[in-house]
Amino acid sequence: MALLRTYRIETERVILRCYEAADAPAMSEVILRNHDHLNPWMPWAVKDQHTVNFCADLIRTFSGNYHLGIDYPMAMLDARDGRYIGGTGLHARVGLGALEIGYWIDGQYARQGLTTHVAAALTKAAFEYEGVHRMNIHMQVGNIGSERIPQRLGFVREGLMREFNHLSEGKYADIHRFTMLREEYDASDLKSMKLKAFGFDGSELTQLPA
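Residues numbered from 1 in each chain as written. Predicted model: local features only at pLDDT ≥ 70, side-chain atom pairs only at ≥ 80, totals over all residues. Heavy atoms only, no water.

Draft legend 1. Representation of the nonpolar core. With 43 residues, the main nonpolar core has Leu-16, Leu-90, Ile-101, Leu-122 and Met-135 as its most contacted residues. Broken down by secondary-structure element, the contributors of at least two residues to this core are β2 (14-18), β3 (72-78), β4 (84-91), β5 (98-105), α4 (114-129), β6 (134-140), α5 (144-153) and β8 (171-181). In contact with Leu-16, other than residues within four places in its own chain, are Tyr-7, Arg-8, Ile-9, Met-74, Ala-75, Met-76, Thr-88, Val-118, Ala-121 and Leu-122. Formed by 14 residues, the second largest nonpolar core is a distinct cluster that contains Ile-31, Cys-55, Tyr-84 and Trp-104. (Core = buried A, V, L, I, M, F, W, Y, C linked by side-chain atoms within 4.5 Å. Buried < 20%, exposed > 50% of the residue type's maximum accessible area, 1.4 Å probe, protein only. Helix = DSSP H or I, 4+ residues; strand = E, 2+ residues; numbered from the N terminus. Contact = heavy atoms within 4.5 Å.)

Here it is, written out as C-alpha coordinates:
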(Lines give C-alpha, C1' and ligand atoms only; values in the text may rest on other atoms or scores of the structure.)
Protein backbone atom coordinates (compact mmCIF):
# COMPACT_ATOMS: atom_id res chain seq x y z
CA MET A 1 0.00 0.00 0.00
CA ALA A 2 1.19 3.52 -0.78
CA LEU A 3 1.95 6.06 1.95
CA LEU A 4 -1.13 7.02 3.92
CA ARG A 5 -2.63 10.29 2.67
CA THR A 6 -4.52 10.95 5.89
CA TYR A 7 -2.68 12.65 8.76
CA ARG A 8 -5.66 14.06 10.64
CA ILE A 9 -9.35 13.16 10.95
CA GLU A 10 -11.95 15.44 12.54
CA THR A 11 -15.48 14.52 13.59
CA GLU A 12 -17.94 16.22 15.92
CA ARG A 13 -16.60 14.11 18.82
CA VAL A 14 -12.91 13.37 18.24
CA ILE A 15 -9.73 14.43 16.51
CA LEU A 16 -7.44 11.61 15.34
CA ARG A 17 -3.98 12.57 14.15
CA CYS A 18 -0.36 11.56 13.78
CA TYR A 19 1.42 11.82 17.14
CA GLU A 20 3.39 14.98 17.97
CA ALA A 21 6.26 15.47 20.43
CA ALA A 22 4.06 17.60 22.67
CA ASP A 23 1.76 14.59 23.29
CA ALA A 24 4.32 12.83 25.52
CA PRO A 25 3.28 14.26 28.94
CA ALA A 26 -0.44 13.61 28.39
CA MET A 27 0.20 10.17 26.92
CA SER A 28 2.34 9.26 29.95
CA GLU A 29 -0.22 10.50 32.45
CA VAL A 30 -3.12 8.66 30.84
CA ILE A 31 -1.31 5.33 30.41
CA LEU A 32 0.17 5.35 33.92
CA ARG A 33 -3.24 6.14 35.41
CA ASN A 34 -4.96 3.44 33.33
CA HIS A 35 -2.58 0.53 33.91
CA ASP A 36 -5.18 -1.70 35.59
CA HIS A 37 -7.73 -0.82 32.89
CA LEU A 38 -5.37 -1.54 29.98
CA ASN A 39 -3.01 -4.32 31.01
CA PRO A 40 -5.42 -7.30 30.84
CA TRP A 41 -5.87 -6.65 27.09
CA MET A 42 -2.82 -4.56 26.15
CA PRO A 43 0.40 -6.42 27.12
CA TRP A 44 2.43 -3.31 26.24
CA ALA A 45 0.90 -1.42 29.18
CA VAL A 46 3.64 -2.49 31.61
CA LYS A 47 3.17 -1.01 35.08
CA ASP A 48 5.08 2.25 35.64
CA GLN A 49 6.96 1.95 32.32
CA HIS A 50 5.40 4.81 30.39
CA THR A 51 7.27 7.78 31.81
CA VAL A 52 7.31 11.04 29.85
CA ASN A 53 10.75 10.20 28.42
CA PHE A 54 9.62 6.70 27.49
CA CYS A 55 6.55 8.11 25.71
CA ALA A 56 8.67 10.73 23.95
CA ASP A 57 10.84 7.94 22.51
CA LEU A 58 7.72 6.00 21.49
CA ILE A 59 6.32 9.05 19.73
CA ARG A 60 9.55 9.50 17.77
CA THR A 61 9.15 5.91 16.55
CA PHE A 62 5.43 6.36 15.88
CA SER A 63 6.02 9.53 13.86
CA GLY A 64 8.90 8.02 11.90
CA ASN A 65 6.91 4.92 11.03
CA TYR A 66 3.97 7.10 9.94
CA HIS A 67 6.09 9.15 7.54
CA LEU A 68 7.82 6.04 6.16
CA GLY A 69 4.57 4.16 5.55
CA ILE A 70 5.39 1.37 8.00
CA ASP A 71 2.59 1.86 10.52
CA TYR A 72 0.09 4.61 11.36
CA PRO A 73 -0.44 5.16 15.11
CA MET A 74 -2.67 8.12 15.98
CA ALA A 75 -3.43 10.18 19.06
CA MET A 76 -7.09 10.26 20.07
CA LEU A 77 -8.23 13.70 21.25
CA ASP A 78 -11.52 14.99 22.61
CA ALA A 79 -12.82 17.43 19.97
CA ARG A 80 -14.29 19.70 22.67
CA ASP A 81 -11.00 20.67 24.32
CA GLY A 82 -8.19 18.80 22.55
CA ARG A 83 -7.56 16.59 25.59
CA TYR A 84 -5.60 13.37 24.93
CA ILE A 85 -7.94 10.47 25.68
CA GLY A 86 -6.27 7.44 24.11
CA GLY A 87 -4.48 5.88 21.20
CA THR A 88 -5.68 4.41 17.94
CA GLY A 89 -4.44 4.02 14.39
CA LEU A 90 -4.33 2.07 11.15
CA HIS A 91 -1.92 -0.84 11.03
CA ALA A 92 -0.46 -2.06 7.74
CA ARG A 93 0.14 -5.65 8.86
CA VAL A 94 -2.84 -7.52 7.41
CA GLY A 95 -1.92 -7.83 3.73
CA LEU A 96 -2.10 -5.76 0.58
CA GLY A 97 -5.12 -3.51 0.17
CA ALA A 98 -6.04 -3.84 3.84
CA LEU A 99 -5.57 -2.04 7.14
CA GLU A 100 -6.26 -3.02 10.74
CA ILE A 101 -7.79 -0.69 13.33
CA GLY A 102 -6.35 -0.65 16.83
CA TYR A 103 -7.68 1.35 19.78
CA TRP A 104 -7.50 1.95 23.50
CA ILE A 105 -9.16 4.68 25.55
CA ASP A 106 -8.83 6.36 28.94
CA GLY A 107 -11.16 4.55 31.34
CA GLN A 108 -12.76 7.89 32.25
CA TYR A 109 -14.09 8.07 28.68
CA ALA A 110 -15.15 4.42 28.37
CA ARG A 111 -18.76 3.33 27.87
CA GLN A 112 -19.68 6.55 26.03
CA GLY A 113 -19.59 5.09 22.52
CA LEU A 114 -16.39 6.98 21.75
CA THR A 115 -14.29 3.99 20.73
CA THR A 116 -17.03 2.78 18.41
CA HIS A 117 -17.18 6.29 16.95
CA VAL A 118 -13.40 6.30 16.44
CA ALA A 119 -13.45 2.89 14.73
CA ALA A 120 -16.26 4.09 12.46
CA ALA A 121 -14.30 7.21 11.50
CA LEU A 122 -11.16 5.21 10.73
CA THR A 123 -13.15 2.70 8.69
CA LYS A 124 -14.71 5.46 6.61
CA ALA A 125 -11.38 7.27 6.15
CA ALA A 126 -9.62 4.09 5.07
CA PHE A 127 -12.23 3.21 2.46
CA GLU A 128 -12.98 6.72 1.21
CA TYR A 129 -9.56 8.43 1.39
CA GLU A 130 -7.11 5.52 1.21
CA GLY A 131 -8.93 3.19 -1.16
CA VAL A 132 -8.52 -0.02 0.83
CA HIS A 133 -10.38 -3.19 -0.10
CA ARG A 134 -10.66 -4.67 3.40
CA MET A 135 -10.63 -3.46 7.00
CA ASN A 136 -9.72 -5.63 9.99
CA ILE A 137 -10.38 -5.35 13.72
CA HIS A 138 -8.84 -7.88 16.12
CA MET A 139 -9.25 -8.25 19.88
CA GLN A 140 -8.28 -10.72 22.55
CA VAL A 141 -10.87 -13.33 23.44
CA GLY A 142 -12.65 -12.23 26.60
CA ASN A 143 -12.50 -8.52 25.85
CA ILE A 144 -16.26 -8.25 25.51
CA GLY A 145 -16.38 -4.46 25.31
CA SER A 146 -13.93 -4.38 22.43
CA GLU A 147 -15.68 -7.28 20.70
CA ARG A 148 -18.94 -5.33 20.57
CA ILE A 149 -17.37 -2.51 18.54
CA PRO A 150 -16.99 -4.29 15.16
CA GLN A 151 -20.33 -6.01 15.71
CA ARG A 152 -22.05 -2.62 16.07
CA LEU A 153 -20.34 -1.34 12.92
CA GLY A 154 -21.34 -4.31 10.75
CA PHE A 155 -17.99 -6.08 10.53
CA VAL A 156 -18.13 -9.84 9.88
CA ARG A 157 -16.63 -12.26 12.37
CA GLU A 158 -14.26 -14.40 10.31
CA GLY A 159 -12.96 -16.65 13.03
CA LEU A 160 -10.48 -17.26 15.80
CA MET A 161 -6.70 -16.93 15.60
CA ARG A 162 -5.42 -19.36 18.21
CA GLU A 163 -2.63 -18.22 20.56
CA PHE A 164 -1.94 -15.26 18.27
CA ASN A 165 -1.28 -12.60 20.90
CA HIS A 166 1.97 -12.95 22.86
CA LEU A 167 1.31 -11.91 26.47
CA SER A 168 4.53 -12.87 28.22
CA GLU A 169 7.15 -15.59 28.23
CA GLY A 170 5.32 -18.81 27.41
CA LYS A 171 1.86 -17.22 27.53
CA TYR A 172 -0.36 -16.54 24.53
CA ALA A 173 -3.97 -15.52 23.95
CA ASP A 174 -6.56 -16.28 21.28
CA ILE A 175 -7.74 -13.42 19.07
CA HIS A 176 -11.10 -12.74 17.39
CA ARG A 177 -10.85 -11.55 13.77
CA PHE A 178 -13.51 -9.26 12.26
CA THR A 179 -13.40 -7.81 8.73
CA MET A 180 -15.35 -5.52 6.44
CA LEU A 181 -15.03 -5.53 2.63
CA ARG A 182 -15.51 -2.52 0.38
CA GLU A 183 -18.88 -3.69 -0.94
CA GLU A 184 -20.07 -4.24 2.64
CA TYR A 185 -18.96 -0.75 3.56
CA ASP A 186 -20.77 0.71 0.55
CA ALA A 187 -24.01 -0.89 1.75
CA SER A 188 -23.56 0.23 5.37
CA ASP A 189 -24.64 3.28 7.37
CA LEU A 190 -20.97 4.23 7.81
CA LYS A 191 -20.96 5.95 4.43
CA SER A 192 -23.21 8.69 5.78
CA MET A 193 -20.89 9.53 8.69
CA LYS A 194 -19.61 13.11 8.55
CA LEU A 195 -15.89 13.74 8.93
CA LYS A 196 -13.04 15.74 7.47
CA ALA A 197 -9.63 14.32 6.58
CA PHE A 198 -6.43 16.31 6.19
CA GLY A 199 -3.07 15.50 4.61
CA PHE A 200 0.54 15.99 5.68
CA ASP A 201 0.50 19.65 4.69
CA GLY A 202 -2.74 20.37 6.53
CA SER A 203 -4.88 20.65 3.41
CA GLU A 204 -8.29 19.00 3.39
CA LEU A 205 -8.41 15.79 1.37
CA THR A 206 -11.03 14.87 -1.19
CA GLN A 207 -12.49 11.40 -1.36
CA LEU A 208 -11.06 8.97 -3.89
CA PRO A 209 -13.28 7.79 -6.75
CA ALA A 210 -15.31 4.71 -5.80
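Draft legend 2. Spatial organisation of the environment of Gly-69. Of note, Gly-69 is situated in the loop between α3 (52-68) and β3. Gly-69 sits 64 residues away from Arg-5 along the chain, and the two C-alpha atoms are 9.9 Å apart.

Draft legend 3. Here's a closer look at the environment of Glu-128. Among the secondary structure elements, Glu-128 is positioned in helix α4. Classification of Glu-128 by relative accessible area gives buried; the value is 4%. Sequence separation between Glu-128 and Thr-206 is 78 residues; the distance between their C-alpha atoms is 8.7 Å. With near-sequence residues (within four places) excluded, Glu-128 lies in contact with Arg-182, Tyr-185, Lys-191, Gln-207 and Leu-208. Looking at Glu-128, its side chain comes within polar contact range of the side chain of Tyr-185, at 2.9 Å. (Polar contact = N/O pair within 3.5 Å; in protein donor to acceptor, adjacent residues only side chain to side chain.)

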